[in-house]
Amino acid sequence: MKKSVCLSIVALLMVVSCDRPAPKNGASDGDTFVNEVVIKTTPVKNQGSSSLCWLYGMFATIESEHLMKGDSVNLSIDYPARMMLRDGATRYFFSHNPDDVAMHGMSSRAIRLLQTYGAMPYDSYYSRQPVNYGVLSRKAQQIAHASVSLRQLDGHLENVFDENIGYLPKMVFMLGAEYTPLEFAHSVCLPGEYVSLTSFSHHPFGSKFVLEVPDNVSRDSFLNVPIDTLMHRTLQAIRSGHPVCWEGDICEPGFDFTKGIASLPTGVSHPDQRQRQRAFEAHRTTDDHVMELCGLARDKAGHQYFLAKNSWGTDNHYHGFMYLSYDYVKLKTIALYMSREAWASQW
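Numbers given for residues are sequential positions, taken from 1 along each chain in its written order. Confidence filtering applies because this is a predicted model: local features only for residues at pLDDT of at least 70, side-chain atom pairs given and counted only at 80 or more, and all residues used for totals across whole chains, interfaces and linings. Remark: hydrogens and water are excluded; side-chain values derive from all non-hydrogen atoms of the structure.

### A look at the packing of helix α4 (residues 107-117) against helix α7 (residues 181-188)
Heads up, the rule is: Here, axes are lines fitted to C-alpha atoms. For helices the fit covers the stretch in contact, and angles between N-to-C directions go from 0 to 180 degrees. Strands are runs of DSSP state E lasting at least 2 residues, helices are runs of H or I lasting at least 4, and numbering of each runs from the N terminus. Roughly parallel covers angles under 35 degrees, roughly antiparallel covers those over 145, roughly perpendicular covers 65 to 115, and oblique covers all other angles. Here, residues are in contact when the closest pair of their heavy atoms is within 4.5 Å. Basically, the charged four are Asp, Glu, Lys and Arg, the nonpolar ten are Ala, Val, Leu, Ile, Met, Phe, Trp, Tyr, Cys and Pro, and anything else, Gly included, counts as polar.
For the pair α4 and α7, interaxial distance at closest approach is 7 Å and the crossing angle is 130°. As far as their axial angle goes, α7 and α4 are oblique. Listed contacts from α7 to Leu114, Gln115, Thr116 and Tyr117 of α4 are Pro181, Leu182, Ala185 and His186. Of the residues belonging to the contact of α4 with α7, the class tally is five nonpolar, three polar and no charged.

Below, the structure is given as structure tokens:
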């Protein structure tokens, strides 16, 4: 889900390493940042060369929402990815449209997949070896193109998926109980549990609209609110212990995964609604990446930052986490997702 101009840079950063804990609340790193709020997270994962950041970021947000309530949840990424490929190959069988088996999407699509196909715990279904989902999606398309019946297509797909991802269990077993994937998903995320939000002035505020970005393949609608309202509500949600899923632009000189910092260039500060709109219309703010916002911090000068959990492994200064400046998030956000409980509690 990244712009092509970013791919070569991003690929160098996505390396596998050991999981390490999130920065501690109140701690500082070289006196650069002091954390004010740190929400519990599951270990940092690595999306490798896949474009599935929208799954990683949304599922990380759901996991943290449960962890903050004392419930341990760690969700499989490979399960919805497999379901999505199977569904896409079936559509391609009828349409021969390559977009049907593409792996891009927004985090709203992750919620759709969860509600449609269910979910599995990470320990129940994960590949023991890195999966190249780009290659696998092309294989699925080739199989669909060569198949003469749905039965043949299904058989070939299952064999390829089993070989490349792993055998798929039919049931989920947890705490001595047995669940179907859908039953497990509904215990993790009920329909309508998350609110999809955005802020652009070419649509009326207070209404929903289908966000016009290429990755909105599901044509999902987002509630449109003024940017100052959106930022205030995001701060309040995190201060109340609710994580927020962030979707936005990372192809900026100020975004540095290795250093673990994202900030706007010197001289660019206090962006407003008009600046956001201009950047969006000029395609300078595009839908590149998804991360979980899981904390708040301040730098030595007292400037506000968001603590973000990334999905590029732990090989950076903050072991897979990043600090995004308030102004960076305000200007470069495409969409945000928070639980309905977090959203409703602030009215």
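Here the narrative resumes, following the displayed structure.
### Some details on the pattern of salt bridges
Cut-off, in case you're wondering: Take a side-chain nitrogen of Lys or Arg and a carboxyl oxygen of Asp or Glu: if they are within 4 Å of each other, that pair is a salt bridge. To sort residues, take the accessible area from a 1.4 Å probe on protein chains only and compare it with the maximum for the residue type: under 20% means buried, over 50% means exposed, and anything in between is partly exposed.
Tallied over the full model, the rule gives 11 salt bridges. Ionic pairing is found between Glu63 and Lys45, a salt bridge with its closest N-O pair at 3.8 Å. You can see Glu63 sitting in helix α2 (residues 53-67) and its partner Lys45 sitting in the loop between β1 (33-38) and α2, a full 18 residues away along the chain. Judged on exposure class, the residue Glu63 and its partner Lys45 are both buried. A salt bridge links Asp100 to Arg91, with the nearest nitrogen and oxygen atoms 3.6 Å apart. Residue Arg91 is classed as partly exposed on the basis of its relative accessible area of 31%. Through salt bridges that share partners, Glu65, Lys69 and Glu341 make up one connected network.

### Things to note about helix α5 (residues 133-146)
Filter applied, for reference: Working rule for helices: expected span equals 1.5 Å times residues minus one. Working definition: the arc comes from the directions between the helix axis and the C-beta atoms, pointing outward to the latter. Identification of polar contacts relies on pairs of N or O atoms within 3.5 Å, with a donor-acceptor requirement for protein atoms, meaning one able to donate a hydrogen and the other able to accept it, and with residues adjacent in sequence counted only if both atoms are side-chain atoms.
Its 14 residues place the ends of α5 20 Å apart at the C-alpha level, agreeing with the 20 Å of an ideal helix rising 1.5 Å per residue. Among the residues making up α5, those that are buried are Tyr133, Leu136, Ser137, Ala140, Ile143 and Ala144. The buried side chains of α5 occupy one side of the element, clustering within an arc of 120° when seen end-on. For α5, the exposed residues set more than 90 degrees away from the buried face come down to Gln142 and Ala146. The inward-facing, buried residues of α5 contact α3 (78-95) and α6 (150-164). Put simply, Asn132 is the residue that caps the front of α5, since its side-chain oxygen is 3.2 Å from the backbone nitrogen of Gly134.

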